Amino acid sequence: MTMKASTRQLDDVTIVDLSGRITLGEGSVVLRDTIRDEVAQGHKKILLNLGDVTYIDSSGIGELVSAFTSVRNQGGELKLLNLTKKVHDLLQITKLYTVFDIKDDEAAAVGSFSK
Amino acid sequence: MNASRVSYTLESTLESVNKAEQTARDLAVRCGFPEEEADRISMAVREAAVNAVLHGNHYDQDKRMFAVFEATPDAISITIRDEGSGLIPDEVPDPLAPENLLKQSGRGIFLIRAFMDEVRFRKMDPGTEITLIKHMRGEDREIKEASK
């Protein structure tokens with residue numbers, strides 16, 4: 001299964017619902033293009049919902065890091081929502097768990113962005 | 001499970017990476033590794049295959065990736081070889097160092113080492129060979145026997 005990304009707005013937060021595999025090739029490209037488009041539209045509060053992401057490899061982790069830094073460099077914030085155990089473990093092993101702001105409740109996550 | 005060995009010569013494509021990953025996962029499950037371990041083994045193999053196809057062979061259609069999957073009652077072993085210019089694993093920066101945490105790449109070999117019991121690199125002429133080994137733990141073997 002390849003990756004799918006769909007976006008929705010809640011208040012001034014853009015929620016990106018991701019599903020499938022974020023791996024080298026198509027999955028990573030979809031994520032990169034989605035973040036680039038959102039930032040280009042001036043959306044700088046981005047919540048990546050990873051609840052339906054079944055698999056992520058080191059390239060996908062790199063894409064998450066790249067998304068995080070590119071949004072931050074534009075003065076925005078990018079947070080992660082609903083990590084599966086697999087993704088949670090990967091972020092812990094790679095010490096990225098402390099870098100990302102990780103949430104498990106959508107409403108609380110939306111409310112946590114700076115006003 | 002009796003000893004088994006299967007070898008593939010694969011093109012330098014993402015399809016080959018996916019095939020190596022899936023073959024490793026199928027083998028790990030067949031050998032009785034729990035799902036979580038099978039995921040880790042197949043991910044380590046995926047990372048090794050990405051290194052071979054992308055960083056070693058640079059998707060060159062004239063270069064091949066060679067993959068050998070072996071199983072014994074005690075362990076599985078996967079060997080991946082490319083035809084690139086050679087990788088020096090000790091020169092890969094530590095991805096956990098604070099200055100590298102936000103780098104986009106450089107986590108593949110780290111994850112391979114984190115997920116496998118033994119990882120060996122061998123310089124070839126040309127290319128690099130990496131062998132990944134995962135031992136069957138006693139409790140995994142007992143679960144496998146009980147499920148027969």
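About the cut-offs
Residues numbered from 1 in each chain as written. Chains lettered and ligands numbered in written order. Predicted model: local features only at pLDDT ≥ 70, side-chain atom pairs only at ≥ 80, totals over all residues. Helix = DSSP H or I, 4+ residues; strand = E, 2+ residues; numbered from the N terminus. Buried ≥ 20, exposed ≤ 12 C-beta atoms within 10 Å, placed from the backbone. Contact = placed C-beta atoms within 7 Å. Rg over C-alpha atoms; globule rule 2.2 N^0.38 Å. Pairing = 2+ DSSP bridges. Axes fitted to C-alpha atoms, helices over the stretch in contact; angles between N-to-C directions. Nonpolar A, V, L, I, M, F, W, Y, C, P; charged D, E, K, R; others polar. Expected span 1.5 Å × (residues − 1). Arc of directions from axis to C-beta. Core = buried A, V, L, I, M, F, W, Y, C linked by C-beta atoms within 7 Å.

S.K.: How would you summarise the overall build of chain B if you had to cite specific residues and measurements?
M.R.: A tally of helices and strands in chain B yields four helices and five strands. Helices (α) and strands (β) of chain B occur, in sequence order from the N terminus, as β-α-α-β-β-α-β-β-α. Dimensions of chain B along its principal axes, counting C-alpha atoms only, are 45 × 40 × 25 Å. Classification of the 148 residues of chain B by burial places 37% in the buried group. The contacts of chain B with a sequence gap of at least 6 include a subset with a gap of at least 24, amounting to 69%.

S.K.: Requested: an account of the overall build of chain A, with residues and values cited.
M.R.: If you tally the helices and strands in chain A, you get four helices and five strands. If you list the helices and strands of chain A from N to C, you get β-β-α-β-α-β-α-β-α. For 115 residues, the compact-globule estimate of 2.2 N^0.38 gives 13 Å, and chain A sits close to it at 13 Å. Expressed as lengths along the three principal axes of its C-alpha atoms, the size of chain A is roughly 35 × 25 × 25 Å. Buried residues in chain A amount to 43% of all 115 residues. Across chain A, the fraction of contacts at a sequence separation of at least 24, relative to all contacts at a separation of at least 6, is 71%.

S.K.: Give a description of the sheet that holds strand S1 (residues 4–10) of chain A that names residues and reports values.
M.R.: For sheets, the rule is that strands pair by backbone hydrogen bonds, running either parallel or antiparallel. Residue and element names in this part refer to chain A. One open sheet holds the five strands; their spatial order is S1-S2-S3-S4-S5, and the pairing between them is mixed. Here the strands that pair on one side only, and so sit at the sheet edges, are S1 and strand S5 (101–103). Ignoring strand direction, the axes of neighbouring strands in this sheet form an average angle of 25°. Here helix H1 (residues 26–40) sits on the sheet in contact with S1, strand S2 (13–22) and strand S3 (45–56), set at roughly 170° to S2.

S.K.: Quick one: what's the story with the interface of chain B and chain A, residue by residue and with numbers?
M.R.: By a frequent convention, interface size equals the accessible area lost on bringing the separate parts together. Across the contact, 16 residues belong to chain B and 16 residues belong to chain A. Only helix H2 (35–56) and helix H3 (108–115) of chain B provide two or more residues apiece to the side of chain B that touches chain A. In terms of residues, the side of chain B that touches chain A owes the most to one element, H2(B), which gives five residues. Looking at the side of chain B that touches chain A residue by residue, the classes come out as nine nonpolar, three polar and four charged.

S.K.: For the environment of Ile61(A), give the residues involved together with the corresponding values.
M.R.: Inspection of the secondary structure assignment puts Ile61(A) in helix H2 (residues 58–73). For Ile61(A), a count of 24 C-beta atoms within 10 Å gives the class buried. Each C-alpha atom of the pair Ile61(A) and Ile22(A) lies 8.1 Å from the other, and the pair is 39 residues apart in sequence. Sequence-distant contacts of Ile61(A), that is, excluding residues within four places in its chain, are made with Ile56(A), Leu90(A), Thr94(A), Leu96(A) and Arg107(B).

S.K.: Tell me about helix H1 (residues 14–30) of chain B, and name the residues and values.
M.R.: Residues and elements named next belong to chain B. Relative to the 24 Å expected for 17 residues at 1.5 Å per residue, H1 spans 24 Å between its end C-alpha atoms, a close match to the ideal helical length. The set of residues buried in H1 consists of Ser 16, Val 17, Ala 20, Glu 21, Ala 24, Leu 27 and Ala 28. Buried residues of H1 fall within an arc of 140° about the axis and therefore sit on the same side. Residues of H1 that are buried make contact with strand S1 (4–11), H2, strand S2 (64–71) and strand S3 (75–81). Positioned one or two residues after H1, Gly 32 has a phi angle of 100°, which is positive.

S.K.: Go over the pairing of S1(B), please, and point to the residues and values.
M.R.: Residue and element names in this part refer to chain B. The buried count for S1 comes to zero of eight residues, which makes it a mostly uncovered element. Strand direction decides the pairing type here: S1 and S2, joined by eight bridges, are antiparallel. Paired with Tyr 8 across the strands is Ala 67, a residue of S2.

S.K.: Would you mind going over the nonpolar core in detail, with residue names and values included?
M.R.: Residue and element names in this part refer to chain B. Counting 34 residues, the largest nonpolar core has Ile 41, Ala 44, Val 45, Ala 48, Ala 49 and Ile 80 as the members making the most contacts within it. Counting residues per element, the ones that place at least two in this core are H1, H2, S2, S3, H3 and strand S5 (128–135). For this core, the element with the highest residue contribution is H2, accounting for 11 residues. Those residues within four positions of Ala 44 in sequence are excluded, and the remaining contacts are Leu 111, Ile 112, Phe 115, Met 116 and Leu 132.

S.K.: Explain H3(B) residue by residue, including any values.
M.R.: Along H3(B), the residues that are buried comprise Gly108(B), Ile109(B), Leu111(B), Ile112(B) and Phe115(B). On an axial view of H3(B), the arc spanned by its buried residues comes to 160°, and they lie on one face. Packing partners of the buried residues in H3(B) comprise H2 of chain A together with H2, strand S4 (118–123) and S5 of chain B.

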